[in-house]
Structure formats: structure tokens, C-alpha cells
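Commentary on secondary and tertiary structure
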Amino acid sequence: MTIFSLFSVTKTLLLLFNFMLPIRTLLPRKIFVSPNLETDDFQNKYLKFSPQQYQLQMLVNLRETYNENQKQVEDIVHP
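**Brief notes about the overall build of the protein**
Regarding its fold elements, the protein presents three helices and zero strands. Secondary structure elements in the protein, listed N-terminal to C-terminal, are α-α-α. Looking at the protein as a whole, 8% of its 79 residues are labelled buried. Total accessible area on the protein is roughly 7400 Å²; 64% of this is exposed by carbon and sulfur atoms.

**What about the confidence of the model for the protein?**
Per-chain confidence: the protein averages 77 in pLDDT, with 75% of residues scoring 70 or above. No element of the protein has a lower mean pLDDT than helix H2 (residues 40–45), at 73, and none a higher one than helix H1 (residues 6–26), at 82.

Thresholds applied
- Residues numbered from 1 in each chain as written.
- Predicted model: local features only at pLDDT ≥ 70, side-chain atom pairs only at ≥ 80, totals over all residues.
- Heavy atoms only, no water.
- Helix = DSSP H or I, 4+ residues; strand = E, 2+ residues; numbered from the N terminus.
- Buried < 20%, exposed > 50% of the residue type's maximum accessible area, 1.4 Å probe, protein only.
- Areas by Shrake-Rupley, 256 points an atom, 1.4 Å probe, with all protein chains shown as cover.
- pLDDT = per-residue confidence, 0-100.

Below, the structure written as C-alpha cells:
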């Protein structure tokens with residue numbers, strides 16, 4: 001039979017708190033995503049490109065998104 005006391009409740013709360021800290025530090029604060037291609041802006045911006053220009057622009061978008069996400073990871077890993 002378990003007997004609850006102030007000590008056991010405090011111990012349980014501190015244990016949960018100690019596990020929450022590392023988990024929260026590993027979770028990204030904000031994830032950057034590439035531009036949404038289903039918006040009206042897509043038609044105005046990307047459809048005027050030639051196939052090669054479009055591929056280059058998608059690579060640029062991918063690289064920018066990667067760089068922004070990498071900054072977030074570095075901020076978390078090296079505070």
C-alpha cells in the first residue's frame with residue numbers, strides 16, 4: 001500500500017521537472033517551413049519562371065529554410 005506524504009509528492013514533482021527540462025531543450029522553439037505553393041502568391045511569383053529558374057528558386061527556398069532551422073538548432077544546442 002502506498003502512503004502519500006509531502007516528501008513523496010515533492011520527490012515525484014521534482015522527478016517530473018528534471019525530465020521535462022532536457023526534453024524541452026531538445027524541442028525546437030519554432031520551425032521554419034518553405035513557402036506554401038498553394039497560395040495566390042504562387043501564381044504571381046513562380047509561374048512566370050522558366051523550368052530552370054523555378055528549380056533554382058525552389059533550391060534557394062530549401063536552402064534558406066534549412067539555414068533558418070539550423071540556426072534554431074544551434075541556439076538550442078549551444079545556449
